[in-house]
Amino acid sequence: MNTDASGQGAASVAGHVADADQPVTGEAPRTLLQVRNLRTIFRHDHGSLTAVDGVSFDVRRGETLAIVGESGSGKSITAMSLLRLIPSPPGEIVDGEVEFDGRDLLELSDEEIRQIRGNEIAMIFQEPMTSLNPVLNIARQIGEPMEIHSRRDRDSIWKRCVDLLRQVRIPDPERRLKAYPHQFSGGMRQRAMIAMGLACEPKLIIADEPTTALDVTVQAQILELLKDLTRDHHSSMILITHDLGVVARYADRINVMYAGRIVERGTSDEIFNHPRHPYTLGLMESVPRLNDSDGTRLRPIPGQPPDLSNLPRGCPFHPRCRFAMDKCREAEPPLEQLSEEHWKACWVDLDDKH
Amino acid sequence: MTNTEPLLEVDNLQVHFKLHGGLLGRHQATVRAVDGVSFRVDQGETLGVVGESGCGKSTTGLAVLRMIDPSAGSIRLNGDDITLYKGRQLRRIRRRLQMVYQDPFGALDPRMRVLDIVGEPLLVHKLTSDRHAYRKRVLELLDLVGLNPKMAERYPHEFSGGQRQRIGIARALAAEPELIICDEPVSALDVSIQAQIINLLEDLQSELGLTYLFIAHDLAVVRHICDRIMVMYLGQVVETASRDTLYDQPMHPYTQALLSAIPVPDPRAETAREVDPSLQGEVPSPVNPPSGCPFHPRCRHAHDACRETKPPLRELQSGHAVACHLYDPAASEVNAPWPVARPA
Amino acid sequence: MSNVSVGSASVSSANAAEQETVSGRRRNRFMEFVGRLVRERPLGAFGAAICVVLIFTGVFADVIAPEGYNAISPLDRLKAPSWEHWFGTDQLGRDLFARTVHGAQLSIIVAFAATTLSIIISAVIGIASGYIGGRFDMTVQRFVDGWMCFPDLIILIVAVSVLGPGTGQVILVLGLLFGIAGSRIVRGAVLSVKENTYVHAAQSMGASTLRILLRHILPNVMAPIIVLYTTRLAAVILAESGLSFLGLGIPPPAPSWGGMLSLDGRTYMFQAPWLAIVPGLALTVAVFGINMFGDALRDLLDPRMRGGGGRFIARVRKRAPASQR
């Protein structure tokens, strides 16, 4: 699909190394995670459907990369594929490379990938209600990654747990550690989940809709916390969400996904102020905003979300696209580079139509 | 607003749940889910009810629908006091009140065809004479909500979330209700689909003259569709105002904090946006609410009066009521009303 | 709401076309179902075939084995299987094939009657108790608890000694026994179904309790009820055999498989092993077939399973909306 960034990325490493904030040690690569042509399919009785279809992207050290998409876009499946958490069967990663810190995660043995999960790459899920085990106290759960991945003794694990709870700003950590999940509110549980994710000081945090189940006022607190923590620890974050508002504030770069493909990629500013893919543009226009002038009508994207088992020929977005041309119905557009950081997969030149 | 009788008038509504525990099921505690809420909805308007989880907004909706028995207060629908209706009388009143649900996946019986789902209110209230008229009416309704009438024979699982929500709306319209209660009707939908449903609700309102009670947590959605807005916190109304007033001049510190917490999909506005730093912590449990003003533990303007007495809901300007001691004319030694500002 | 008739012209034309396809669809529904059974659940189809053979044998027992189950022929005692007597003969010279065939008839009568009775009891108790809830549920469930404290066998022995032996008594007792125990399963299903928003929606639109029970609760607990029915069907056949084996069931000379296994089979196990093997095998095959068919039925009757890859799509969809919650 995209004969892309490997060469380009390498070139830009030289150019940007100076402003990366980790020490410049010779060839310290700027990219932490490099995903190339990832394809994940799900088999069923009558064939298979492709949930992630040739996705390539990089995560740089210290950055927050957002993956934005709606249901069926493959954003969560992409994240789960990185850590090989796809239930198999029916799921299967059929193609691609996931290079993390010099290793291809898709080639590792089951034992080796277990060493990476929770240790070097941590995942924070969206459901704080079900992601914690109700019969274990908080200390046991936050300490679990350390029990698995480090040789600390009980005392030092306890100390570390106290420290972690303090970091995620849970008051009175010693007492709270002995509590059980049902004694925590939703926001506190999500904080505990984050503490769990941070326990082994991962290089990469994958946060899958970390605040979707929370109230707005709590959501803001959690996102600020995540942002501060990744900055303090120099870790990278993949933020998966459907909420454009969240992305605008917290992401450095954004991948927009539709029907298992990346359709547009760029910096926050480019995506929000100069969207070049009709889907991205449609998303922006359809979100109700607080600062809308009164009486404006929303401009929804017509039609229904894509049915992965029955995608149209050509560009998968064309049936819902108001700019669709004949070419869109015939051939699928590749992801092509527009400027240094801006990529899109679309035949239409939006600037003409705008 | 006219001086005619409002369509819905709720006065001092209270819903208390008793928690039972122990071996003998003794009464342990009382949850004051809704604690003295009063409001009115006029014919043809949309009243938005907003607040975070546990604020009692959904319980208020269910109490108006008479799915939950109010502990005190009264509910009047077009002049009929429906608070104490029971049995057959209650079932009949439900033709006049319909609900659109949040979860488009759970709200439709998976074993019924769309034809039967949408038409059920017609059968329940015996609104059609024969099968042909019934079928015709259901197909009309599907057409009205933007679904292809040919889909009437299908089952819910064959539809996407947005389409299911349309089916739910068609069902709510079937019995020609006087008031439609929308409980978070778009929050479970995809972003691109939310706008479709909001527009549909607006179109139906102008076409059919519907009246909505619109319950939601998303202030941006509420701004789009509501004429007046009521902000709830821990079972109480903290502020009521017309849409423009509420967004341009929020007065209650909670409303201000709520507005400041909403992310805006625009990176430049976002970097400029200040999240109200005072709003730490979470909504307290309604089992054991704080004394005085329910918001005082999270409020940066809280002073002694807030901890002791509960501020009444006072109408400061026409149609703009606030329950906050900051605006108490008697207690003038306290800070003047705190500056009303919000980055546009 | 008078101006609802937007586009009614186009609607009525769609209407006519629609009705035509519906009647066509209805005609094919059975064949379509059989096709899906064979394609998607081949083992279930095999089970169904066994059930069909079983029912066919039971219904036409008198045609297949016209000499009857009790034609004593002292000269033919304990003959091994042969062309003349396919399954051999027993100690009274009765043809074992004829007895097995008539045994199928007996098993089917007892199984269907007792299972149907038990399912009705389960459904009525379970649905009422689960849906009404509160004190009623509490009272009913304590009664069920009490009932289930007694071992089945004791209840059976007491009932048979009070009512005396006979087919009707066996049906009544088994129906009651399985019915009350099964009400738990139905109640559990009702408790989870009644929490669904669509039940709430039906209540809020003013539907009567009876309507909600029949239109919304019952169809949605049909899956467990069908599974319950088929497993009970098999269990009743086994239980009846067990009772007859113990001499508490259907009295001889009626050819109950269990009785055959016990009275003749055990006594002559070494001289004439076919006396034990044949009814035992008949029992096993019947129970296996019914269970396989029951499982397949449960899967295929769920409308969510209709169409290609239904199960997978359902799973993906389940995940999808969660991301927006």
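What counts and how
- Residues numbered from 1 in each chain as written.
- Chains lettered and ligands numbered in written order.
- Predicted model: local features only at pLDDT ≥ 70, side-chain atom pairs only at ≥ 80, totals over all residues.
- Heavy atoms only, no water.
- Helix = DSSP H or I, 4+ residues; strand = E, 2+ residues; numbered from the N terminus.
- Areas by Shrake-Rupley, 256 points an atom, 1.4 Å probe, with all protein chains shown as cover.
- Core = buried A, V, L, I, M, F, W, Y, C linked by side-chain atoms within 4.5 Å.
- Buried < 20%, exposed > 50% of the residue type's maximum accessible area, 1.4 Å probe, protein only.
- Pairing = 2+ DSSP bridges.
- Axes fitted to C-alpha atoms, helices over the stretch in contact; angles between N-to-C directions.
- Contact = heavy atoms within 4.5 Å.
- Right-handed = clockwise from strand over helix to strand, strands pointing away.
- Disulfide = S-S within 2.5 Å.
- Polar contact = N/O pair within 3.5 Å; in protein donor to acceptor, adjacent residues only side chain to side chain.
- Domains from an automatic or database assignment.
- Buried area = accessible area lost by both parts, 1.4 Å probe.
- Salt bridge = Lys/Arg side-chain N within 4 Å of Asp/Glu carboxyl O.
- Nonpolar A, V, L, I, M, F, W, Y, C, P; charged D, E, K, R; others polar.
- 1 Å grid on protein atoms, 1.4 Å probe; cavity = no way out; pocket = protein on both sides within 12 Å on 5 of 7 lines; lining within 4 Å.
- Points joined across faces, edges and corners; volume = space filled by probe spheres on them.
- Patch = residues over 30% accessible without salt bridge, like charges linked within 9 Å, V, L, I, M, F, W, Y side chains within 5 Å.
- Lys, Arg positive; Asp, Glu negative; His and termini not counted.
- Charge placed at Lys NZ, Arg CZ, Asp CG, Glu CD.

### Observations regarding the overall build of chain C
And then number 1: Counting secondary structure elements, chain C contains twelve helices and zero strands.
And then number 2: Across chain C, helices and strands are ordered from the amino to the carboxyl terminus as α-α-α-α-α-α-α-α-α-α-α-α.
And then number 3: As presented, chain C carries roughly 15700 Å² of accessible surface, and 69% of it is formed by carbon and sulfur atoms.

### Regarding the nonpolar core
Considering soluble globular proteins, one finds that nonpolar side chains tend to be buried as a cluster.
And then number 1: Ranked by internal contacts, the top residues of the largest apolar core, which has 67 residues, are Leu 142, Ile 169, Leu 173, Leu 204 and Phe 214 of chain B.
And then number 2: Sorting elements by how many residues they give to this core places helix H6 (residues 191–208) of chain B first, with eight residues.
And then number 3: With 66 residues, the next largest nonpolar core counts Phe 42, Phe 57, Ala 259 and Leu 283 of chain A among its residues.

### Focus: the sheet that holds strand S12 (residues 320–322) of chain B
Two orientations exist for strands paired in a sheet by backbone hydrogen bonds: parallel and antiparallel.
All names here are of chain B.
And then number 1: The mixed open sheet is built from eight strands, whose spatial order is S6-S7-S8-S3-S9-S10-S12-S11. Two strands in the sheet have a free side with no partner beyond their single neighbour: strand S6 (97–100) and strand S11 (314–317). Averaged over all pairs of adjacent strands, the angle between strand axes in this sheet comes to 25°, irrespective of strand direction.
And then number 2: Looking at chain direction, strand S10 (residues 236–242) and S12 are connected through two bridges and run antiparallel. Residue Thr 240 lies in a different strand from S12, and its bridge partner there is Ala 321.
And then number 3: Along the sheet, helix H1 (residues 57–64) contacts strand S3 (46–50), S6, strand S7 (179–183), strand S8 (212–216) and strand S9 (228–233); its crossing angle with S8, the most-contacted strand, is approximately 150°.

### Some words on the pairing of S8 of chain B
Residues and elements named next belong to chain B.
And then number 1: Counting buried positions over the five residues of S8 gives five, a clear majority of the element.
And then number 2: Here S8 shows no split at all, with Tyr 212, Phe 214 and Ala 216 on one side and Leu 213 and Ile 215 on the other all buried.
And then number 3: Alignment of S3 against S8, held across five bridges, turns out to be parallel. Looking across to S8, one finds that Val 50 is bridged to Ala 216.
And then number 4: One ladder, built from four bridges, connects S7 with S8; its direction is parallel. By the bridge assignment for S8, Cys 182 is matched with Phe 214.
And then number 5: Traced from S7 through H6 to S8, the parallel crossover comes out right-handed.

### Considering the state of the cysteines
And then number 1: For the coordinates displayed, the defined rule picks out zero disulfides over all chains.
And then number 2: Just so you know, Cys 321 of chain A is unpaired, no disulfide at all, and the nearest cysteine sulfur is the one on Cys 346 of chain A, 6.1 Å from it.
And then number 3: Taking the relative accessible area as the measure of exposure, Cys 321 of chain A reaches 16% and is therefore buried.
And then number 4: You can see Cys 226 of chain B has no disulfide; the closest cysteine sulfur is in Cys 182 of chain B, sitting 9.0 Å from it.

### Topic: the side chain of Glu 70 of chain A
And then number 1: By the element assignment, Glu 70 of chain A lies in the loop between strand S3 (64–68) and helix H2 (75–82).
And then number 2: Of the polar contacts made by the side chain of Glu 70 of chain A, one reaches the side chain of Tyr 279 of chain A; its length is 2.6 Å.
And then number 3: Setting aside residues no more than four positions away along its own chain, Glu 70 of chain A makes contact with Lys 75, Tyr 279, Leu 283 and Arg 320 of chain A together with Asp 190, Val 191, Ser 192 and Ile 193 of chain B.

### A few points about the domain arrangement of chain A
Residue and element names in this part refer to chain A.
And then number 1: Parsing chain A into structural domains produces domain 1 (16–120 + 202–353) and domain 2 (131–199).
And then number 2: Its C-alpha centre places domain 1 at a distance of 30 Å from the equivalent point of domain 2.
And then number 3: Between domain 1 and domain 2, the contact holds 17 residues from the first and twelve residues from the second.
And then number 4: Note on domain 1 versus domain 2: buried area summed over both sides is about 1200 Å², and carbon and sulfur give 62% of it.
And then number 5: Of all residues in domain 1, Ile 222, Leu 225 and Leu 229 give up the largest surface area on contact with domain 2, accounting jointly for 35% of the area buried on that side.
And then number 6: Asp 228 is paired through a salt bridge with Arg 169; the nearest N and O atoms lie 2.9 Å apart.
And then number 7: On inspection of domain 1 and its partner domain 2, the count reaches four residue pairs in polar contact (both at pLDDT 80 or more).

### A closer look at the interface of chain B and chain A
And then number 1: Contact with chain B, which involves 44 residues of that partner, is made by 43 residues of chain A.
And then number 2: Roughly 3900 Å² of surface becomes buried between chain B and chain A when both sides are summed, with 54% attributable to carbon and sulfur atoms.
And then number 3: The largest contributions to the chain B side of the interface with chain A come from Val 191, Pro 265 and Glu 282 of chain B, which together make up 17% of the buried area.
And then number 4: Between chain B and chain A we count one salt bridge in total.
And then number 5: Between the two partners, chain B and chain A, sit ten residue pairs in polar contact (both at pLDDT 80 or more).
And then number 6: Put simply, the parts of the chain that give the side of chain B that touches chain A at least two residues each are helix H5 (161–174), H6, helix H7 (219–225), helix H8 (243–248), helix H9 (253–261) and helix H10 (267–272) of chain B.
And then number 7: Here the side of chain B that touches chain A takes nine residues from H6 of chain B, the largest share from any one element.
And then number 8: Broken down by class, the residue content of the side of chain B that touches chain A amounts to 20 nonpolar, ten polar and 14 charged.

### Points about the sheet that holds strand S4 (residues 91–100) of chain A
Residue and element names in this part refer to chain A.
And then number 1: Read across the sheet, four strands follow the order S2-S1-S4-S5 without closing on themselves; strand pairing throughout is antiparallel. Both edges of this open sheet fall to strand S2 (47–60) and strand S5 (103–104), since each of them pairs with a single strand only.
And then number 2: Note that strand S1 (residues 31–44) and S4 share eight bridges and pair antiparallel. Note that in S4 the partner of Ile 41 across the bridge is Glu 92.
And then number 3: Against the sheet, H2 touches S1, S2 and S4, its axis set at about 110° to S1.

### Quick notes on H1 of chain B
And then number 1: Within H1 of chain B, seven of the eight residues are buried, leaving the element largely enclosed by the surrounding structure.
And then number 2: Phi turns positive, to about 65°, at Arg 66 of chain B, one or two residues after H1 of chain B.

### Observations regarding empty space enclosed by the protein
Residue and element names in this part refer to chain B.
And then number 1: Summed over all chains, the structure comprises eight cavities of 30 Å³ or more.
And then number 2: Considering only enclosed or pocket space, the second largest cavity measures out at about 60 Å³ in volume.
And then number 3: Contributing to the lining of the second largest cavity are His 252, Cys 293, His 296, Cys 299, His 301, His 303, Cys 306, Cys 324, His 325 and Leu 326.
And then number 4: Its residues assigned to classes, the lining of the second largest cavity comprises five nonpolar, five polar and no charged.

### Details of the pattern of salt bridges
Residue and element names in this part refer to chain A.
And then number 1: Counting across every chain of the model gives 47 salt bridges over all chains.
And then number 2: Between Glu 63 and Arg 253 there is a salt bridge whose closest N-O contact spans 2.9 Å. One end of the pair, Glu 63, is in the loop between S2 and S3; the other, Arg 253, is in strand S9 (residues 253–258), with 190 residues separating them in the sequence.
And then number 3: The salt bridge involving Glu 332 is made with Arg 261; its shortest N-O contact spans 2.6 Å. Taken as a pair, Glu 332 in the loop between helix H12 (326–330) and strand S11 (336–337) and Arg 261 in strand S10 (residues 261–267) lie far apart in primary sequence, 71 residues in all.
And then number 4: Under the relative-accessibility criterion, Arg 261 is labelled buried at 9%.
And then number 5: One network of salt bridges, in which partners are shared, links Arg 61, Asp 101, Arg 103, Glu 120 and Lys 203.

### As for unusual backbone geometry
And then number 1: With a phi angle near 55°, Arg 84 of chain A is a residue other than glycine that sits in the positive phi range.
And then number 2: Following the sequence through the fold, Arg 84 of chain A ends up in the loop between H2 and S4.
And then number 3: Unlike most non-glycine residues, Asn 12 of chain B shows phi in positive territory, near 50°.
And then number 4: Among the structural elements, Asn 12 of chain B can be located in strand S1 (residues 8–21).

### Let's talk about a positive patch on the surface
And then number 1: Judged by side-chain charge, Arg 88, Arg 91, Arg 92 and Lys 126 of chain B come together as a positively charged surface patch.
And then number 2: Mapped onto the fold, Arg 88 of chain B is located in helix H2 (residues 87–93).

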